[in-house]
Amino acid sequence: MRLVGDVRTETGRNDPLLIVVSGGQPPPELPEPHPLTEADEAYDEWTEALPEMRRLRRPAAWLVALRPDDTDTGPPSRGSVRPFSAPDPPWWSRRFLPAALCLVLVAALGVWAGSRWGPGCHPSLTGGRVSVEVVASGECVGYSDSAAQVFNNDPGQDGLRTIQERIFAQNRAAEEVWQRSDRRRPFLTLVYLGTLTGNRTRADEESYVSEREELEGMATAQYALLKESAGADGAALLRIVVANGGRQMIYADRAVSMLAELASDDPTVVGVVGLVESRTSTARALRELNKVGLPVLAPTLSADRMDANSRLYLQISAPNTDQVEMVDAYAQQVLKVNEAHVYYTTLEGSTLTEDLYVGTLVDGLRQRFGPRMTRLEEWRTGERLTDECGYPGLLFYAGRWTEFDGFLRALRECGGNPPRHLVADDSVNRYMANPGLRAAAPGNLPVTYVSKASLATCAALRAAQERRDDDARASFLSWIQADDLLDPPRCRPETGHQVGERVSLAYDAAMMMIRAVESLAARLHHADPRQRWEPTSVNPVAVHAEVLRQNAGQGYRGVAGLIRFTPESGEPVDKRLALLRVEQVPDVATAPVEVFRCGLADTADPVPCGPT
């Protein structure tokens, strides 16, 4: 007890502890104890004398002695003091309760996390921008900018995972270069939004060719910026966020909601590239992105009037209306046929109304060909096509690439009497980029199909490099041939690895946004080119307006052709389209040959459609 008093006297601090001790005799340093009935008076005397006793460091400064009255009754206890006991503690202070509550909370958190996340789909614990959740279909929807979350762990999709990992590594490199530049270089973030999960696929089948190619195009733009000189303060740096909207973009609205939160927290986010397929779900996503104020540059969407869904939407590829006009011109000028049979398909679980690409394509063919289209049917896997054997007119496939393999297998029944002129829409280039599927196709059935990037094939890029008059395509070729970017490198003379057409289209989309940000930065830093870049100095709507401003003159000279827009439309004007022909589909080593083209190449001078 004396030790407790010494500590209190030494520290000068009061504490809320009352110690009650019983004994036969009071401490000798205390005066005569007070009767218990006079406890109030004893307490008042003690509080009045305490300051002086603390100053004199009296050993009994903190002690008060009371003695029981002679009239007290009850069983005696130690020191003749009446026994007492503390009341039971309240139920919520019992020792077991915190542990029980922790177990309940952990179990509830586990149930909630299990419904929101899963293996290969979880928030980042190591940094980076990651926001994902598991949806009803079991797919992982959300976004990521680091290797902590790579979308799609299905067998056979190594290419898709590899390019994501390359992008995430370049994200780290871009951040490091920006810091070393003392943050003087403009720094922007573009989101790639696509369909990265949900397809049924074999272990030897690449099912996400479009998505992989578009990511490769954005990675090439990112790579080109990293190769700029360290002293080029006006050259931008790019971070790419990869986002998944699920199969057929069904969960794009959920992904957009996450991206809206990202854009509000990160001022470097200036736009979205991708969206892959023209569907009603894609249109809804465009409307939501418009509300958020994020511009969208779509490399390959081509359903007519997709721009009606967003005032901030710009399309890199020609609309279906132009595709139909080219097919009709080819049929009349080259094939010399007037009659057409058209078959269309939609993916499982989809309809012609929901699939805007196929729907607007079929409507355009119906209007363009009129009575010359003597057959228009929906084709389903397993149906026979023997009626088309030896057909001399135009046999046009207006469906999705996923059913084209079955369509060709059905025509195998024709044997040595195949249809004379099989032409397919641009979706089929995804099939043509899949060697595993092409191996089973009939070898005596040539296929002609629509291409949106015929100016960026390996042959066209090499020709531009040899002419030495096209820096854009020559630089693009050098990037995709590099050892440390695409796997495998493309367009090398000693290999047969072709560049997919979506690579150049996505590259053009990303570069248009990048050049717009660089232009805005140059005007903002005109007085002091070496001042730090402040991301809040521009916003996504301003970047969209700058893209249009730069496009208002002669247009943007992209690798895949000249891109021009009118003030009232987000669809490009007279964008280059072509028809490529493959004589033997199983022969993947032989590059397709361009046989017909429409639209502009590199100048705004009108060029009529015609054979190449």
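It should be emphasised that the depicted structure is a prediction, and the values quoted were computed from it without experimental measurement.

Rules used in this analysis
Residues numbered from 1 in each chain as written. Predicted model: local features only at pLDDT ≥ 70, side-chain atom pairs only at ≥ 80, totals over all residues. Heavy atoms only, no water. 1 Å grid on protein atoms, 1.4 Å probe; cavity = no way out; pocket = protein on both sides within 12 Å on 5 of 7 lines; lining within 4 Å. Points joined across faces, edges and corners; volume = space filled by probe spheres on them. Nonpolar A, V, L, I, M, F, W, Y, C, P; charged D, E, K, R; others polar. Helix = DSSP H or I, 4+ residues; strand = E, 2+ residues; numbered from the N terminus. Axes fitted to C-alpha atoms, helices over the stretch in contact; angles between N-to-C directions. Parallel < 35°, antiparallel > 145°, perpendicular 65-115°, else oblique. Left-handed = near helix turned anticlockwise from the far one by under 90°. Contact = heavy atoms within 4.5 Å. Buried < 20%, exposed > 50% of the residue type's maximum accessible area, 1.4 Å probe, protein only. Pairing = 2+ DSSP bridges. Right-handed = clockwise from strand over helix to strand, strands pointing away. Disulfide = S-S within 2.5 Å.

*Asks:* An account of empty space enclosed by the protein is needed here, citing residue identities and associated values.
*Replies:* If you walk through the whole model with that rule in mind, you get one cavity of 30 Å³ or more. Around the largest cavity, the lining comprises 13 residues; the ones closest to its centre are Val276, Thr300, Tyr357, Arg400 and Arg502. Tallied by class, residues from the lining of the largest cavity come to three nonpolar, four polar and six charged.

*Asks:* Give me the lowdown on the layout of surface pockets, citing residues and values where you can.
*Replies:* By volume, the second largest pocket amounts to about 1,100 Å³. Those elements giving two or more residues to the lining of the second largest pocket turn out to be helix H4 (158-180), helix H5 (209-226), helix H11 (429-432), helix H12 (435-438), strand S14 (447-451), helix H13 (458-467) and strand S18 (593-598). A breakdown of the residues in the lining of the second largest pocket according to their chemical character gives 23 nonpolar, 14 polar and 12 charged.

*Asks:* Provide a residue-level description of unusual backbone geometry, including the pertinent values.
*Replies:* In this structure, Pro488 follows Asp487 across a cis peptide bond, with omega equal to 0 degrees. For Pro488, the position within the fold is in the loop between helix H14 (471-480) and helix H15 (501-524). One non-glycine residue, Met249, lies in positive phi territory at about 60 degrees. Checked against the element boundaries, Met249 lands in the loop between strand S6 (237-244) and helix H6 (252-265). One non-glycine residue with positive phi stands out, namely Asp574, at about 55 degrees. Looking at the element boundaries, Asp574 is found in the loop between strand S16 (561-563) and strand S17 (577-582).

*Asks:* Can you lay out the packing of H4 against H5 for me, pointing to particular residues and giving the numbers?
*Replies:* In the contact formed by H4 and H5, the axes pass within 10 Å of each other and the chain directions differ by 25 degrees. The orientation of H4 relative to H5 falls into the category roughly parallel. For the crossing formed where H4 meets H5, the hand is left-handed. When H4 is examined against H5, the residues Gly159, Leu160, Ile163, Gln164, Ile167, Gln170, Asn171, Ala173, Ala174 and Val177 are found in contact with a partner set consisting of Glu211, Arg212, Leu215, Glu216, Ala219, Gln222, Tyr223 and Leu226. Looking at the contact of H4 with H5, its residues break down into 10 nonpolar, five polar and three charged.

*Asks:* Provide a residue-level description of the pairing of strand S10 (residues 340-344), including the pertinent values.
*Replies:* Within S10, five of the five residues are buried, which leaves the element mostly enclosed by the surrounding structure. Taken together, the four bridges between S10 and strand S12 (residues 394-397) define a ladder with parallel strand orientation. Across the sheet, residue Val342 finds its bridge partner in S12, namely Phe396. Considered for its hand, the β-α-β crossover made up of S10, helix H9 (residues 356-369) and strand S11 (residues 373-378) is right-handed.

*Asks:* How would you summarise the state of the cysteines if you had to cite specific residues and measurements?
*Replies:* Going through the model one piece at a time under the given rule, you end up with four disulfides. Between the sulfur atoms of Cys121 and its disulfide partner Cys140 the distance amounts to 2.1 Å. Looking along the S-S bond of the Cys121-Cys140 disulfide, the torsion reads about 80 degrees, which is the right-handed sense. With Cys121 in the loop between helix H3 (96-116) and strand S3 (130-134) and Cys140 in strand S4 (residues 140-144), this residue pair connects regions lying 19 residues apart in the sequence. Like Cys121, the residue Cys140 is buried in the burial classification. In this model, Cys389 is linked to Cys414 through a disulfide, with the two sulfur atoms separated by 2.0 Å. Residues Cys389 and Cys414 are joined through a disulfide that is left-handed, its torsion about the S-S bond being -85 degrees. Here Cys414 lies in the loop between helix H10 (404-411) and strand S13 (421-424) and Cys389 lies in the loop between S11 and S12, a separation of 25 residues in the sequence. Exposure remark for Cys389: the relative accessible area of 22% places this residue in the partly exposed category.

*Asks:* Can you lay out the sheet that holds S12 for me, pointing to particular residues and giving the numbers?
*Replies:* One key point about sheets: their strands pair by backbone hydrogen bonds, in either a parallel or an antiparallel sense. Strand order in the open sheet formed by eight strands is S11-S10-S12-S13-S14-S17-S18-S19, with mixed pairing between adjacent strands. Strands with a single pairing partner mark the edges of an open sheet, and in this sheet they are S11 and strand S19 (610-611). As paired strands, S10 and S11 are joined by five bridges and run parallel to one another. Paired with His341 across the two strands is Arg375, which belongs to S11.

Read these as geometric descriptors, not functional statements.
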